[in-house]
Amino acid sequence: MNIEEDAYRYAVKNAFEHKGQAQIGALIGKLKALHSDKDVSEIMPIVTETVKKVNSMSAAEIEEAFKDFEGGYELKPKQGREGLAPLDWAEKGGKVVTRFAPNPNGPAHLGHARAFYLSYAYAKMYNGKFILRFEDTDPKVKKPIENAEALFLSDLGWFGIKPDEIYFASDRMEIYYEYMRKLIELDKAYVCFCESEKWRSLTQEKKACPHRNISKEKQLAEFEKMISNETKEGEAVLRIKTDLDNPDPSIRDWWVARIVDSPKHPRIKKEYHVWPSYMFQSAVDDYLMGVTFILRGQEHSQNQTKQEYLCKYFGWGYPHAVHFGRMSAEGMILSTSKIRAGIESGEYSGWDDIRIGTIQAIRRRGFD
Ligand SMILES: [Zn+2]
């Protein structure tokens, strides 16, 4: 449908609903959504002209015109579609296994909702599997909360979602250690003792640190010292060998594991000293759990570049992945760290404070 015709239809509808007076503002928004290729400066004169015409019609004429159009409104943008976009590879018989993999340092919030809802919906659409995986391997900075499982299951349940499988990364520490050892044996990882400042300046200059080319036998021995807590927090990290001349410095030899002395973890009683980065843990688990499709926020778009090194060394394929823009909701705080700080300082009454964007808070506000 052309834009003049759409403008006329919506002006009539708007006028019918607003005592014979169509609103310019309402029409601009509608037409911009329907014709996103058009600039507001192109839309504006069409809207002004149409509103003038429609607002000069009598109430009876507007009602008649409206009835003619009833049922003929295209309420969805042209670029949009009903339901989920089909996945080419799944149409050809590929198994769809998706996962929602939050760090449970707070309960689910609106920013998570798109990822878990779409992941679940795609799994259902193709009779696949939807996994809930808690990536709770940061006992220091983004510490997991207590009862994460019950909270997340309750929030997902509110959306009618029940995961097919549930995992906690913290139950799988020995698995990560095995893959760390394998990576060292492949000569693709090393124990780096550089202080952070020194490390940063070397990588900025695209230079290898003195630890990078030490033999794998010695690396394995150093890694075991990390595990046994002979090496202490802050003294060393395990790094993967990537390309030191990658244009993005954060991709250069990213860290795979670090040491946390006396970690306090709500679930794990055994004192593990070496903790994987979620970059490493997530890639290992996606492979082992057979994940084939990842839906995640744009802020994670660089994960793939990092994780592909790991996949290449181990000979794993990378799952299909799509990224969507960071979500924001006006007047609603969606950052778990900020919410947590606000609760600790007493600014918010709890995870269901109606000013924050957790699913609990939204449920409390009475949305359905
Ligand atoms: Zn080093």
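Thresholds, definitions, all that
- Residues numbered from 1 in each chain as written.
- Predicted model: local features only at pLDDT ≥ 70, side-chain atom pairs only at ≥ 80, totals over all residues.
- Heavy atoms only, no water.
- Donors = N, O, S within 2.8 Å, 3.2 Å for Na, K, Ca; no water.
- Tetrahedral: all angles 85-135°; square planar, octahedral: opposite > 155°, others 65-115°.
- Helix = DSSP H or I, 4+ residues; strand = E, 2+ residues; numbered from the N terminus.
- Buried < 20%, exposed > 50% of the residue type's maximum accessible area, 1.4 Å probe, protein only.
- Domains from an automatic or database assignment.
- Salt bridge = Lys/Arg side-chain N within 4 Å of Asp/Glu carboxyl O.

Novice: I tried to follow the coordination of the zinc ion on my own but got confused; where do I start?
Specialist: Note on metal geometry: ideal angles are 109.5 degrees for four donors arranged tetrahedrally and 90 or 180 degrees for six donors arranged octahedrally. Taken together, the protein donors to the zinc ion comprise Cys192 (SG), Cys194 (SG), Cys209 (SG) and His211 (ND1), at separations of 2.2 to 2.4 Å. Here the zinc ion binds four donor atoms, and the angle range of 102 to 127° at the metal identifies the geometry as tetrahedral. If you list the donors of the zinc ion from N- to C-terminus, the spacing comes out as C-x1-C-x14-C-x1-H. Of this pair, Cys194 sits in the loop between strand E4 (189–192) and helix H9 (196–204) while His211 sits in the loop between H9 and helix H10 (216–227), placing them 17 residues apart in sequence. Among the residues examined, Cys194 registers a relative accessible area of 12% and is labelled buried.

Novice: What am I meant to see in the domain arrangement of the protein chain here?
Specialist: Size of an interface: often given as the accessible area lost when the parts come together. For the protein chain, the assigned domains are domain 1 (3–69), domain 2 (176–278) and domain 3 (328–368). Here the C-alpha centre of domain 2 lies 62 Å away from the C-alpha centre of domain 1.

Novice: In this structure, what is going on with the pattern of salt bridges? I would like to understand it.
Specialist: Side chains that differ in sign of charge can pair as their charged atoms come close. For the structure shown, the criterion picks out 23 salt bridges. The partner of Lys67 in a salt bridge is Glu63, and the shortest N-O contact between them spans 2.9 Å. Of this pair, Lys67 and Glu63 are both found in helix H4 (residues 59–69), four residues apart, which corresponds to roughly one turn of the helix. Judged by its relative accessible area of 34%, Glu63 is partly exposed. Of the charged contacts, one joins Arg181 and Glu178 as a salt bridge, the two residues approaching to 2.8 Å between their closest N and O atoms. Placement of both Arg181 and Glu178 in helix H8 (residues 173–185) is noted, with a separation of three residues, approximately one turn of the helix. Of the residues examined, Glu178 reaches a relative accessible area of 40% and is grouped as partly exposed. Residues joined by salt bridges that share partners form a network here, namely Arg99, Arg133, Glu135, Arg172, Asp285 and Asp286.

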